Amino acid sequence: MSCSVFTCKLETDIWTLPAPSRVSMDSVDMRHTLRWRPPQASCNTTVLYSVQYQGEFELLLRNGSWLDAAECQQIPGTHCDLSLDLGSDSDYNLQVRAQCGSQRSAWTRLSRAFNRRDTLMTVPEMSVTTSSDALQVTFNKLPPSAAVSVTVWKEGDEMQAAVFSMPSEQTVLHVAALQVGVMYCVSAQVVLDSGLHSSSTDTRCVSITGAAAWKRPTTVTVTVIVIVMAGLLFALFWSVVHCRPDACQTYFHKEPLPQSLKGDWSVQIPMSPQEAELGEVCERIPALLSVDSERRASKTDAEFTAHLDNHKY
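Summary of the structure given here. Once a new chain begins, its residue numbering starts again from 1 and follows that chain's sequence as written. Reporting of local features is limited, given that this is a predicted model, to residues whose pLDDT is at least 70; pairs of side-chain atoms are given and counted only at 80 or more, and all residues count toward the totals for whole chains, interfaces and linings. Hydrogen atoms and water are omitted, and side-chain values are computed over all heavy atoms in the structure.

### A closer look at the state of the cysteines
Our working definition of a disulfide is a cysteine sulfur pair at a distance within 2.5 Å. One pass over the full model with this rule turns up three disulfides. At a sulfur-sulfur separation of 1.6 Å, the disulfide partner of cysteine 43 is cysteine 100. In this structure, the disulfide formed by cysteine 43 and cysteine 100 twists by about 95° around the S-S bond and is classed as right-handed. A residue pair is termed long-range when its members are at least 10 positions apart, and cysteine 43 in the loop between strand 2 (31–37) and strand 3 (48–54) and cysteine 100 in strand 6 (residues 93–100) qualify at 57 residues. For cysteine 43, a relative accessible area of 25% translates into the label partly exposed. With its sulfur 2.0 Å from that of its partner, cysteine 185 forms a disulfide with cysteine 205. Because the sign of the S-S torsion sets the handedness, a value of about 100° for the bond joining cysteine 185 and cysteine 205 places this disulfide among the right-handed ones. In this pair, cysteine 185 sits in strand 14 (residues 183–191) while cysteine 205 sits in strand 15 (residues 204–207), placing the two residues 20 residues apart along the sequence. Residue classification places cysteine 185 among the buried residues on the basis of a relative accessible area of 3%. Numbering of helices and strands runs from the N terminus; a helix is a DSSP stretch of H or I covering at least four residues, while a strand is a stretch of E covering at least two. Per-residue accessibility, obtained with a 1.4 Å probe over protein chains only, is compared with the maximum for each type, and a residue is labelled buried under 20%, exposed over 50%, and partly exposed between these values.

### Structural notes on the pattern of salt bridges
The salt bridge criterion pairs a side-chain nitrogen of Lys or Arg with a carboxyl oxygen of Asp or Glu, the two atoms within 4 Å. A complete count under the given rule lists two salt bridges for this structure. In this structure, the salt-bridge partner of arginine 35 is aspartate 26, at a minimum N-O distance of 3.6 Å. Taking relative accessible area as the criterion, arginine 35 reaches 36% and is therefore assigned partly exposed. For the salt bridge of arginine 116 with aspartate 89, the shortest nitrogen-to-oxygen distance reads 2.6 Å. Of this pair, arginine 116 sits in the loop between strand 8 (108–109) and strand 9 (125–131) while aspartate 89 sits in the loop between strand 5 (79–81) and strand 6; the two residues are 27 residues apart in sequence, bridging distant segments of the chain. What makes arginine 116 buried here is its relative accessible area of 18%. Judged by relative accessible area, aspartate 89 falls into the partly exposed class, the value being 34%.

### Re the nonpolar core
Buried residues of nine kinds, namely Ala, Val, Leu, Ile, Met, Phe, Trp, Tyr and Cys, make up a nonpolar core once their side-chain atoms join them within 4.5 Å. Membership of the largest hydrophobic core comes to 24 residues, with the highest contact counts inside it found for Leu135, Phe139, Val150 and Val186. Elements with a contribution of two residues or more to this core: strand 9, strand 10 (134–140), strand 11 (147–154), strand 13 (172–175) and strand 14. In terms of residue count, strand 14 provides more of this core than any other element does, four residues in total. Working rule for contacts: check all heavy atoms of both residues, and any pair within 4.5 Å makes them a contact. Residues within four places of valine 150 in sequence aside, it is in contact with Phe139, Ala162, Val163, Phe164, Leu173, Val186, Ser187 and Ala188. If you look at the next biggest cluster of nonpolar residues, it comprises 22 residues, including Val23, Leu86, Tyr92 and Phe114.

### Some thoughts on the side chain of serine 105
Counting through the fold element by element, serine 105 comes out in the loop between strand 7 (103–104) and strand 8. From its side chain, serine 105 meets the backbone nitrogen of alanine 98 in a polar contact 2.8 Å long. Here a polar contact is taken to be a pair of N or O atoms separated by no more than 3.5 Å, where protein atoms must pair a possible hydrogen donor with a possible acceptor and residues adjacent in sequence count only if both atoms sit in side chains.

### Describing the sheet that holds strand 1 (residues 21–28)
Judged by pairing direction, the sheet is antiparallel, and its three strands sit side by side in the order 1-2-5 without closing on themselves. This sheet does not close on itself; its edge strands, each paired only once, are strand 1 and strand 5. Put simply, the sheet's adjacent strands are angled 15° from each other on average, direction ignored. Strands qualify as paired when DSSP identifies two bridges or more between them. Alignment of strand 2 against strand 5, held across three bridges, turns out to be antiparallel. Bridge pairing in strand 5 places threonine 33 opposite aspartate 81. To get an axis, a line is fitted to the C-alpha atoms, and for a helix only the part in contact is used. The angle between two axes follows their N-to-C directions and goes from 0 to 180 degrees.

### So, a nonpolar patch on the surface
Two distance rules govern patches: like charges are joined within 9 Å, and nonpolar side chains (Val, Leu, Ile, Met, Phe, Trp, Tyr) within 5 Å, applied only to residues with over 30% relative accessible area and no salt bridge. Here the Shrake-Rupley method, with its probe set to 1.4 Å, supplies the accessible areas, and only the displayed protein chains count as covering residues. A contiguous nonpolar surface patch, about 480 Å² in accessible area, is contributed by Val224, Ile225, Val228, Met229 and Leu232. As for its placement among the helices and strands, leucine 232 is situated in helix 3 (residues 219–241).

### Describing the pairing of strand 1
The pairing of strand 1 with strand 2 spans six bridges and is classified as antiparallel. Across the sheet, the residue bridging to aspartate 26 is threonine 33, located in strand 2.

Okay, structure coming up:
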């Protein structure tokens, strides 16, 4: 060990805690997780860990500086998710250290640089269902920043397959206007921008059944309904216009009023003697007025005749 007494004493005072060991990267479907083993030392409190990374930009243009992984500073676990930090297809150096109270360990670096293009792509979880004349293809647990390539073809005619691409955030693909009664097959794979892709899923074949028969109104059915309704309306109108009197009386018979609604004018209301006498007086008034009018008219005629006679002489 080539160091001065002062340097060795300083390192002994600073790095009093053993460093983490067996640092490794676990990268599946673009989810990058750094893992390590805890230091072989006793600690009277919780051991905390911090992680740093160094990309090509920091290595070549920032004089070999390191960046702290924001979500992995002073954490108690022995793993760190770096999926958001390692955002380019460049090589990254990674290192981790432990801390127990005021004691810190030296940094332990990943044995070789990591590139996210080395991630392991798994076959996507896919389910295929039908709805009327359409296919619905659903995916679960797709990797971020990826696309899904879906291939659809008629069974036995794979050379005429159609390929659909959708972002991993979508998770559901609808393929409509398919031929009813035909069997369609589907397979898919995950594709990254770098060209890396997963293996294809197992082929799933389903039959397009279409809507239920009672839900499919056809042109013939609608036409028949319209003709029948028009015929009924025409027959009703013709029967009303060309109805003979005897037939009309038969079909449009007028029911007599019930006895309870007919007026019974023979009913007499009992009256007291005074009311009866008053009624007789009221009945005589028109007759008396008529006699008086006749008398006045006769008197007027007599006076008029006498006046004419006087003028003659």
